[in-house]
Amino acid sequence: MSTDDKIPVTADAELWTALRRLTAARIGLPRSGASLSTAPLLAFKLAHAQARDAVRAELDAPRLANDLAPLNLPVLTLASAAADKQTYLMRPDLGRVLTPRSEQMLASAGDAAKGYDLVFVVSDGLSARAVQSHAAPVVSATLKIMRRENWRLAPLVIVTHGRVAIGDAVAAALRATCVVMLIGERPGLSAPDSMGAYLTYKPGVPTSDADRNCVSNIRPDGIGYTEAASKLAHLLDAMRTHGVSGVLLKDTSDRLQIGGI
Amino acid sequence: MYAATVGARRYVFRDLKVLLARATPARSGDALAGLIAESGEERVAAQFALADLPLTTFLNEAVVPYEDDEVTRLIIDSHDKAAFAAVSHLTVGGLRDFLLSDHATSSVLTTLAPGLTPEMAAAVAKISRLQDLMIMAAKCTVVTRFRDTIGLPGRLAVRLQPNHPTDDARGIAASILDGLLLGAGDAVIGINPATDSPDRAHALLSMLDEIRARLDIPTQTCVLAHVTTTLDLIGKGAPVDLTFQSIAGTQSANKSFGIDLTLLKEAHDATLSLQRGTIGDNVMYFETGQGSALSADAHHGVDQQTLEARAYAVARAFRPLLVNSVVGFIGPEYLYDGKQITRAGLEDHFCGKLLGLPMGVDVCYTNHAEADQDDADALLALLTGSGVNFVMGVPGADDIMLGYQSTSFHDALAMRDLLHRKPAPEFESWLARQGLLDKENRIRPRAMPAQFSALLPAGGA
């Protein structure tokens, strides 16, 4: 086979190396005829295999609870009604509700009579690896800020196989005004361990996605732990000040970020 | 009420929407909605009953009430009775037989299109095999124009999709150059912006227009922002070739997208008024996908494939340049695996084409679906064989902004070679002028042409 059938030709190799610094997109891939060369073909398969493995991996909840223990708040481990990963993927409705046993545990936990300003809920979502690695450091960094501002903090809650909206049920049971839901995002090929944070003020039954604020792509190579904590704290402060979350708040918090960083 | 008897058992279907849902080949979204047939036998019984249904039934019984839904009103009020007359005596099964017959030529089907409703097309799809869907779709020719001609027989166009997670202009430009070298971009060069910031969309539109103008590319560009954002940008003088919007098959699902027919008409008129097309005035780009109505809790008990076909009624009211079913994007709770995605992609392409739309398909899957590149390869080849107007071209099939896998520049190129499809004619001539074709007229770029290098982003080279 003639090598000049392939691009990039040697003369362009440096050019593509330079262009690849501008984007993580798979540009300038060597080809044979119209098709991909073997090396980029297998690189893609490896990335897909890693993303698939990330979707299938189960959360080690006791280990996560252990990582959260030093933060000086009680830690509760609950389960959604989606009993396994397969059910979780196919039945979004079950991922939004707690098992009866989990509801009982919540009812007897904490001090719901007085209520709380803020509850953190952590769920594996579509990437257990993301929250296994990133949840504890982000909760820790955010708590440092919130404690300085005297927020009343609810127990930390882990929910296995939860969807974003299950945070609403947890917040309602604990009478928490604000909920921060940390959840593993749908793994992309280049980032199988990305964590999302969904913030909701006074969540309730009619809460829709438009009522939430989101900070996504939390991971060391994306939005790092310190930056994520500062964004979350900014948004929580704005939520408390304006008494609202979601679309209305978004622009304000973006400006805050631009001004603050 | 509709019924069919299999052996000693009589299956009864309460109304048309239940019959359509029970007759639908299995998919997870309809199971999630509780609409799916309870057994394989019930499904085929429903298909027998559906096949015997006179087409006139669809004009008398709406799956979503006329009074409640402007999409139903659009379908009924715009129905072309003269065009329908050619098949008005037929049943659903009879229509399938007619469409497969040698009488149903390309020109006959073009004339018939306004006489068919989305529900009729969906019903035929439900009793058809994949091969039927391919053969019937391949006979439909839908040609649209803006700066080039899309949809001619023997042609396959590609949307160049150079997305970047932070909308970085230089990163996007690098992906565009890569795509152009590999012959992508004749359908549109279209960016999904990472945010809905109007300023960002304006900047991206200006950048796309500059690249297109400097290389004199016979194509159109688009930033896939919300229609309200694009309308505002038209008012501010931004270079808008095409107005984009995601659409669905019920009024309530469209409301969840923040749109209605009045808004789409306003956008269509505003975009037409710019008169930027050189050889045609198809100025709208719509995207759809099975499951979007259920996802918005706006499905009215109708199965997702029928609702998808109803979205095409919305599209055809605005003479679009491109309609794209993003078939595997929504996830496994709606289309579980490669088998369900494959069938849905061919159903959507067939229904859209039969209704007279310039259909493309984003052959794609997410990492939580049971699918991989082999499934994407199969569907892409089946669609190319079916005469799909355009497919996606994403660098290395990996969209780093939307986090899903689509088809690559290489995939489209491989299909053009394997199944002998050419780019849009004006674009093909442009590729030749850039020196990107070999002696056999295949797209085989060698070194970066000098005129491309001149566009390289600062700091890139």
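Before any of the text, the structure's been laid out above.
Just so it is clear, the structure is predicted and the values come from calculations on it, not from any experiment.

J.: Can you explain the overall build of chain B? Please cite residues and give values.
T.: Across its full length, chain B holds 22 helices and 14 strands. Taking 23 Å as the expected radius of gyration for a compact globule of 461 residues, we find that chain B reaches 22 Å, a close match to that expectation. Each principal axis of the C-alpha atoms in chain B carries an extent, and together these give about 75 × 45 × 45 Å. In chain B, which comprises 461 residues, the proportion classed as buried is 64%. Long-range pairs, those at least 24 residues apart, make up 77% of the contacts in chain B between residues at least 6 apart in sequence. Accessible area for chain B stands at about 15500 Å²; split by element, carbon and sulfur atoms hold 52% of it. Charge centroids of chain B, computed over 39 positive and 55 negative side chains, lie 4 Å from each other.

J.: Let's hear about the sheet that holds strand S6 (residues 188-191) of chain B: which residues, and what values?
T.: Residues and elements named next belong to chain B. Taken in spatial order, the eight strands make up an open sheet running S7-S6-S5-S12-S11-S10-S9-S8, and their pairing is parallel. Every other strand in the sheet has two partners, leaving strand S7 (221-223) and strand S8 (243-246) as the edge strands with one partner each. On average, each strand axis in the sheet is tilted by 25 degrees relative to the strand beside it, whichever way the strands run. Across the sheet, helix H13 (residues 227-235) touches S7 and S8, and the angle it forms with S8 is around 165 degrees.

J.: I'd like a description of the sheet that holds strand S7 (residues 195-201) of chain A, backed by residues and values.
T.: Residues and elements named next belong to chain A. Taken in spatial order, the six strands of this open sheet run S3-S5-S4-S6-S7-S8, and their pairing is mixed. The strands lining the two open edges of the sheet, one partner per strand, are strand S3 (75-79) and strand S8 (212-218). Ignoring strand direction, the axes of neighbouring strands in this sheet form an average angle of 20 degrees. Looking at chain direction, strand S6 (residues 176-184) and S7 are connected through seven bridges and run antiparallel. By the bridge assignment for S7, valine 179 is matched with threonine 200. The sheet strands contacting helix H3 (residues 61-68) are S3, strand S4 (116-123) and strand S5 (156-160), and the helix crosses S5 at an angle near 165 degrees. Along the sheet face, helix H7 (residues 166-174) touches S4, S5, S6, S7 and S8 and points at about 150 degrees away from the line of S6.

J.: If you had to explain the nonpolar core to someone new, which residues and values would you point to?
T.: Judged by nonpolar contacts, the single largest core of 162 residues is most densely connected at Leu50, Phe58, Leu180 and Phe350 of chain B. Among the nonpolar cores identified, the runner-up in size contains 41 residues, and Leu118, Ala136, Ala197 and Val215 of chain A belong to it.

J.: Talk me through the pattern of salt bridges; I want residue IDs and the actual numbers.
T.: Residues and elements named next belong to chain B. According to the stated counting rule, one finds 31 salt bridges over all chains in the structure shown. In this structure, aspartate 15 engages arginine 14 in a salt bridge whose closest nitrogen and oxygen atoms are separated by 3.8 Å. Residue arginine 14 is classed as exposed on the basis of its relative accessible area, which comes to 59%. Aspartate 303 serves as the salt-bridge partner of lysine 126, at 2.7 Å between the closest nitrogen and oxygen. Of the two residues, lysine 126 is situated in helix H9 (residues 118-126) and aspartate 303 in the loop between helix H16 (292-295) and helix H17 (304-316); the sequence distance between them amounts to 177 residues. Connected via shared salt-bridge partners are Arg147, Asp209, Arg212, Asp241 and Arg276.

J.: Which residues make up the packing of aromatic side chains, and what values go with them?
T.: Residue and element names in this part refer to chain B. Throughout the structure, instances matching the rule amount to five aromatic pairs over all chains. Judged by centre distance (5.3 Å) and plane angle (80 degrees), the rings of phenylalanine 244 and tyrosine 285 are edge-to-face. Residue phenylalanine 244 is found in strand S8, and its partner tyrosine 285 is found in strand S9 (residues 284-288); the two are separated by 41 residues along the sequence. On the basis of relative accessible area, phenylalanine 244 is assigned to the buried category, the value being 6%. When its relative accessible area of 0% is taken as the criterion, tyrosine 285 is described as buried. Seen from their ring centres, phenylalanine 427 and tryptophan 430 are 5.4 Å apart, and the 35 degrees between their planes marks the pair as tilted. Pair noted here: phenylalanine 427 and tryptophan 430 are both in helix H21 (residues 425-433), with a separation of three residues, about one helical turn.

J.: Break down the interface of chain B and chain A for me, with residues and values.
T.: Taken together, the contacts link 46 residues of chain B with 41 residues of chain A. Buried surface at the junction of chain B and chain A, summed over both partners, amounts to about 3500 Å²; 61% is from carbon and sulfur atoms. Seen at the junction of chain B and chain A, the total is three salt bridges. Inspection of the chain B/chain A interface yields 11 residue pairs in polar contact (both at pLDDT 80 or more). Those elements that provide at least two residues to the side of chain B that touches chain A are helix H2 (28-32), helix H11 (169-181), strand S14 (404-405) and helix H20 (409-418) of chain B. Per-element tally for the side of chain B that touches chain A: the top contributor is H11 of chain B, with six residues. For the side of chain B that touches chain A, the residue count by class is 23 nonpolar, 13 polar and 10 charged.

J.: How would you explain the pairing of S4 of chain A if you had to name every residue and give the values?
T.: All names here are of chain A. Counting buried residues in S4 gives eight out of eight residues, a clear majority hidden from the surface. Here S4 pairs with S5 via three bridges, running parallel. Residue pairing in the sheet places serine 123 in a bridge with valine 159 of S5. For the segment spanning S4, helix H6 (residues 128-148) and S5, crossover handedness is right-handed.

J.: Please provide a residue-by-residue account of helix H1 (residues 16-23) of chain B, values included.
T.: Residue and element names in this part refer to chain B. For H1, the buried fraction is high: seven of the eight residues fall into the buried class. Among the residues making up H1, those that are buried are Leu16, Val18, Leu19, Leu20, Ala21, Arg22 and Ala23. Turning to H1, the residues buried within the fold contact strand S1 (2-6), strand S2 (9-13), helix H3 (40-51), helix H4 (57-60), H9 and H17.

J.: Kindly report on unusual backbone geometry, identifying the contributing residues and their values.
T.: A positive phi angle, near 50 degrees, is found at arginine 175 of chain A, a position not held by glycine. Non-glycine residue alanine 397 of chain B carries a positive phi angle of around 70 degrees. Structurally, the position occupied by alanine 397 of chain B is in the loop between strand S12 (390-393) and strand S13 (398-399).

J.: Go over the state of the cysteines with me, naming the residues and quoting the values.
T.: All names here are of chain B. The full count for this structure, using the stated rule, is zero disulfides over all chains. The cysteine cysteine 140 is free of any disulfide, with cysteine 351 supplying the nearest cysteine sulfur at 10 Å. No disulfide involves cysteine 364; its nearest neighbouring cysteine sulfur is the one of cysteine 222, lying 17 Å away.

J.: Account for the side chain of glutamine 132 of chain A, naming residues and giving values.
T.: Residue and element names in this part refer to chain A. Along the chain, the position of glutamine 132 falls in helix H6. Relative accessible area serves as the criterion here: at 10%, glutamine 132 is assigned to the buried category. Not counting the four nearest positions on each side in its chain, glutamine 132 is found in contact with Leu59, Asp60, Arg63, Leu64 and Asp67.

J.: Outline the packing of H9 of chain B against helix H18 (residues 338-354) of chain B, supporting the account with residue identities and numerical values.
T.: Residue and element names in this part refer to chain B. Axis separation between H9 and H18 bottoms out at 9 Å; the angle between their running directions is 140 degrees. The angle between H9 and H18 places the two elements in the oblique class. Both H9 and H18 take part in a crossing whose hand is right-handed. In contact with Ala121, Ala122, Val124, Ala125 and Lys126 of H9, H18 contributes Arg343, Glu347, Phe350, Cys351 and Leu354. Its residues placed into classes, the contact of H9 with H18 shows seven nonpolar, no polar and three charged.

About the cut-offs
- Residues numbered from 1 in each chain as written.
- Chains lettered and ligands numbered in written order.
- Predicted model: local features only at pLDDT ≥ 70, side-chain atom pairs only at ≥ 80, totals over all residues.
- Heavy atoms only, no water.
- Helix = DSSP H or I, 4+ residues; strand = E, 2+ residues; numbered from the N terminus.
- Rg over C-alpha atoms; globule rule 2.2 N^0.38 Å.
- Buried < 20%, exposed > 50% of the residue type's maximum accessible area, 1.4 Å probe, protein only.
- Contact = heavy atoms within 4.5 Å.
- Areas by Shrake-Rupley, 256 points an atom, 1.4 Å probe, with all protein chains shown as cover.
- Lys, Arg positive; Asp, Glu negative; His and termini not counted.
- Charge placed at Lys NZ, Arg CZ, Asp CG, Glu CD.
- Pairing = 2+ DSSP bridges.
- Axes fitted to C-alpha atoms, helices over the stretch in contact; angles between N-to-C directions.
- Core = buried A, V, L, I, M, F, W, Y, C linked by side-chain atoms within 4.5 Å.
- Salt bridge = Lys/Arg side-chain N within 4 Å of Asp/Glu carboxyl O.
- Phe/Tyr/Trp six-rings, centres within 6.5 Å; stacked < 30°, edge-to-face > 60°.
- Buried area = accessible area lost by both parts, 1.4 Å probe.
- Polar contact = N/O pair within 3.5 Å; in protein donor to acceptor, adjacent residues only side chain to side chain.
- Nonpolar A, V, L, I, M, F, W, Y, C, P; charged D, E, K, R; others polar.
- Right-handed = clockwise from strand over helix to strand, strands pointing away.
- Disulfide = S-S within 2.5 Å.
- Parallel < 35°, antiparallel > 145°, perpendicular 65-115°, else oblique.
- Left-handed = near helix turned anticlockwise from the far one by under 90°.

These values are about where atoms sit, not about what they do.
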